[in-house]
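What follows is the residue order along each chain.
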Amino acid sequence: MAGGHIVSGGGGNYDGKVTSFVVITCLVAATGGLIFGYDIGISGGVTSMDEFLIKFFPEVYEKEKHNIHSSNYCTFDSHLLQLFTSSLYLAALLASFAASAITKALGRKVSIMFGGSVFLIGAIINAAAINVAMLIIGRLLLGVGIGFGNQAVPLYLSEMAPSKIRGALNIGFQMATTIGIFVANLVNYGTSKMESNGWRVSLGLAAVPAIVMTLGSIFLPDTPNSLIERGRKEEAKETLQRIRGTSNVDAEFNDLVEASEAAKMVKSPWKDLLEPRHRPQLVIVCLIPFFQQLTGINVIMFYAPVLFKTLGFGASASLMSAVVSGLVNVFATIVSIICVDKFGRRVLFLEGGIQMFICQIAVGSVIASVFGTAGTGSFTKAQGNAALFLICVYVAAFAWSWGPLGWLVPSEIFPLEIRSAGMSINVSVNMLFTFIIGQLFLTMLCHLKFGLFYFFGGFVALMTLFAFFFVPETKNVPIEEINRVWKAHWFWGKYIPDDAVGLEQYPTKSAQV
């Protein structure tokens, strides 16, 4: 044992089966992704609606309708408009740190419930907004809800799921996120046809997934890890027996207890997180969400209708194109659920990265051929369809790779004593760069023009190389034994003390590159 990490004697081959109970509880918890996805999808459609622009951002509306700016690239360039989208993620960044303490002290269930409740209040304020200040306040409350949900839900899923299907169940969070995005795109397409207050309906319907998440969390059990961590061992054992479908859970339960006892020796998880033996996890948990956002995915998810209007699509066609890309997002995530525990994390990371790189370069080239640097001209139907196709192929690649894995891998690589703190780092880095991209994209599009897609393509190439050399395979590794993966890695192994894993049982193997 070192750093409070215990390796089980059974190599993770615990008794038990995949019960309907654990599947149902994980599905309920994964609805936390609905609030995240609905908000991502709804903001882009709302900001492309004329009624919304006239009421809150009239200067953008005038610029769009009267072609005040000569370049198509700059039509929607407005920092205040971008703040409407990005303010949520700044709040989520700050909330994730409070979420860490609450998740550790009160349990994963409480954090999920609190996140849903605050998001619900934010949705109501947004729907009732009469000025930009109310919009921003509502968005900040939505951000607090998302900060808690994104911190607690992936953690909950990883701790509840048996190791052999942990990837599939954890990706339930991303699946719910993509469904939320798709539903939001459909809602925007429908409300855009309303004579008035369509944007209020779009924003207000965010209350629905918030209610599902809040009420659903009432019926969730807390994870055995969390119950043990808070001294409720008998309840933890009963929960473990229930979710594993067997009374013979002593081996797994004892491992969890030992890991928890060792974790209690760590007085400051944040300080412990900075120690060399946790260097691999810290680097991974910072760089994966960083690269996830620098793929440029939120260019599509936040601003898809705006982007399509910039490219010359009509208002209705822009919203429908967002629906199409949202549907691709959902089906591609199903591919990830099927493949992640069969082929592993690394294969999806690498294939998705290569596919995204090709598509980013291709989209940039198509836009360059039409608009050039001047930003004038318009797409033919064939060119528009080509751009939409490439964007959909790009979205598919993200949805079965860096999208779900950006939440799955960080949630499964930390020992118990720093797991909550580690997930807070993951959420905060993700939200920081989501905020930056959300706040700057329209301005970057105005200045970098088609080169913006090459910019993101460069980061996609960089992150794919990072995954190839530095991200180990965690498929089928019990979450309490993850240190042996780091010890076996060609680079990270030097940071892991020999007594951090049972090397007599898990001899160091040739590391995966």
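A brief report on the enclosed structure follows. (Residues numbered from 1 in each chain as written. Predicted model: local features only at pLDDT ≥ 70, side-chain atom pairs only at ≥ 80, totals over all residues. Heavy atoms only, no water.)

## Some remarks on the overall build of the protein
If you tally the helices and strands in the protein, you get 23 helices and zero strands. Expected size for 513 residues packed as a compact globule is a radius of gyration near 24 Å; at 23 Å, the protein falls within 12% of this value. With the C-alpha coordinates aligned to their principal axes, the bounding extent of the protein is approximately 70 × 45 × 40 Å. Within the span of the protein, comprising 513 residues, buried residues form 63% of the whole. Put simply, 80% of the contacts in the protein that link residues at least 6 apart link residues at least 24 apart. Of note, the protein has its 35 positive side-chain charges centred 3 Å away from the centre of its 32 negative side-chain charges. (Helix = DSSP H or I, 4+ residues; strand = E, 2+ residues; numbered from the N terminus. Rg over C-alpha atoms; globule rule 2.2 N^0.38 Å. Buried < 20%, exposed > 50% of the residue type's maximum accessible area, 1.4 Å probe, protein only. Contact = heavy atoms within 4.5 Å. Lys, Arg positive; Asp, Glu negative; His and termini not counted. Charge placed at Lys NZ, Arg CZ, Asp CG, Glu CD.)

## Details of empty space enclosed by the protein
Inspection of every chain in the model, using the stated rule, returns four cavities of 30 Å³ or more. A volume near 150 Å³ is recorded for the largest cavity. In terms of lining, the largest cavity is formed by 15 residues, of which the most central are Phe36, Ile40, Gln174, Asn298 and Phe398. Going through the elements one at a time, α2 (32-46), α8 (166-191), α15 (279-294) and α16 (297-310) are the ones with two or more residues in the lining of the largest cavity. Element by element, the count of residues in the lining of the largest cavity is highest for α8, at four residues. Considered as a void within the structure, the second largest cavity measures approximately 50 Å³ in volume. Only α16, α18 (345-371), α19 (381-399) and α22 (451-470) provide two or more residues apiece to the lining of the second largest cavity. Top contributing element to the lining of the second largest cavity by residue count: α18, with three residues. The residue inventory of the lining of the second largest cavity, partitioned by class, reads eight nonpolar, two polar and no charged. (1 Å grid on protein atoms, 1.4 Å probe; cavity = no way out; pocket = protein on both sides within 12 Å on 5 of 7 lines; lining within 4 Å. Points joined across faces, edges and corners; volume = space filled by probe spheres on them. Nonpolar A, V, L, I, M, F, W, Y, C, P; charged D, E, K, R; others polar.)

## Considering the packing of α2 against helix α5 (residues 79-106)
At their nearest, the axes of α2 and α5 sit 10 Å apart, and the two run at 160° to each other. With respect to each other, α2 and α5 are oriented roughly antiparallel. When you trace α2 past α5, the crossing you get is left-handed. Note on element contacts: α5 touches α2 through Phe84, Thr85, Leu88 and Tyr89, opposite Phe36, Asp39, Ile40 and Ser43. Of the residues contributing to the contact of α2 with α5, the split by class is five nonpolar, two polar and one charged. (Axes fitted to C-alpha atoms, helices over the stretch in contact; angles between N-to-C directions. Parallel < 35°, antiparallel > 145°, perpendicular 65-115°, else oblique. Left-handed = near helix turned anticlockwise from the far one by under 90°.)

## Points about the side chain of Thr464
Relative to the helices and strands, Thr464 is located in helix α22. Ignoring sequence-local partners within four residues, the contact set of Thr464 consists of Leu350, Gly353 and Ile354.

## Points about the nonpolar core
A general tendency of soluble globular proteins is for nonpolar side chains to be buried together. Membership of the largest hydrophobic core comes to 133 residues, with the highest contact counts inside it found for Phe52, Ile284, Trp402 and Met431. Looking at this core element by element, the count peaks at 12 residues for helix α21 (residues 416-448). (Core = buried A, V, L, I, M, F, W, Y, C linked by side-chain atoms within 4.5 Å.)

## Considering the side chain of Ser411
Checked against the element boundaries, Ser411 lands in helix α20 (residues 402-412). Within the structure, Ser411 has its side chain in polar contact with the backbone oxygen of Trp407 (distance 3.4 Å). Polar contacts involving the side chain of Ser411 include one to the main-chain carbonyl oxygen of Leu408, which spans 2.7 Å. Residues contacting Ser411, with those up to four places away along its chain left out, are Pro154, Leu155, Ser158, Asn170, Arg419, Met423 and Ile479. (Polar contact = N/O pair within 3.5 Å; in protein donor to acceptor, adjacent residues only side chain to side chain.)

## Comments concerning unusual backbone geometry
With the exception of glycine, the majority of residues adopt a negative phi angle, and the majority of peptide bonds are in the trans configuration. Here Asn197, not a glycine, exhibits a phi torsion of approximately 60°, which is positive. Here Asn197 lies in the loop between α8 and α9 (198-204). Classification of Asn197 as partly exposed rests on a relative accessible area of 34%. If you check the backbone angles, Lys449 has positive phi at about 55° while not being a glycine.

## Focus: the pattern of salt bridges
All chains considered together, the criterion is met by 12 salt bridges. A salt bridge links Glu229 to Lys104; its shortest N-O distance comes to 2.9 Å. You can see Glu229 sitting in helix α11 (residues 224-229) and its partner Lys104 sitting in helix α5, a full 125 residues away along the chain. The exposure class assigned to Glu229 is buried, which follows from its relative accessible area of 15%. Note that Arg277 and Asp272 form a salt bridge whose closest N and O atoms lie 2.8 Å from each other. Under the relative-accessibility criterion, Asp272 is labelled buried at 6%. (Salt bridge = Lys/Arg side-chain N within 4 Å of Asp/Glu carboxyl O.)

## A closer look at the packing of helix α6 (residues 108-127) against helix α10 (residues 207-218)
To characterise two packed helices, one gives the angle between the axes of the helices and the distance between these axes. Viewed as axis vectors pointing N to C, α6 and α10 meet at an angle of 155°, and their least axial separation amounts to 8 Å. What the angle tells us is that α6 and α10 run roughly antiparallel. Regarding α6 and α10, the two cross each other, and that crossing is left-handed. Note on element contacts: α10 touches α6 through Ala207, Ala210, Ile211, Met213, Thr214, Ser217 and Ile218, opposite Lys109, Ile112, Met113, Gly115, Gly116, Ser117, Phe119, Leu120 and Ala123. For the contact of α6 with α10, the class distribution of residues is 10 nonpolar, five polar and one charged.

## Section: the environment of Asn476
Secondary-structure assignment places Asn476 in the loop between α22 and α23 (483-487). Looking at Asn476, the relative accessible area reads 37%, which means it is partly exposed. Note: C-alpha distance between Asn476 and Lys342 (134 residues apart in sequence) is 9.2 Å.

## Overview of the environment of Val299
Within the element layout of this structure, Val299 appears in helix α16. Residue class for Val299 comes out buried when judged on its relative accessible area of 2%. In this structure, the C-alpha to C-alpha distance between Val299 and Leu442, residues 143 residues apart in sequence, is 8.8 Å.

## Structural notes on helix α12 (residues 233-244)
Here α12 spans 16 Å end to end across 12 residues, near enough to the 16 Å set by a 1.5 Å rise per residue. Ala236, Thr239, Leu240, Ile243 and Arg244 are the residues of α12 that are buried. For α12, the buried positions fall inside an angular range of 120° around the axis, keeping them on one side. Facing away from the buried side of α12 by over 90 degrees, the exposed positions are Glu234, Glu238 and Arg242. Contacts made by the buried residues of α12 are with α1 (20-30), α7 (132-160), α11 and α13 (250-264). Taken from the residues just after α12, Gly245 is the one with a positive phi, measuring 70°. (Expected span 1.5 Å × (residues − 1). Arc of directions from axis to C-beta.)

So yeah, pure geometry; function would need other evidence.
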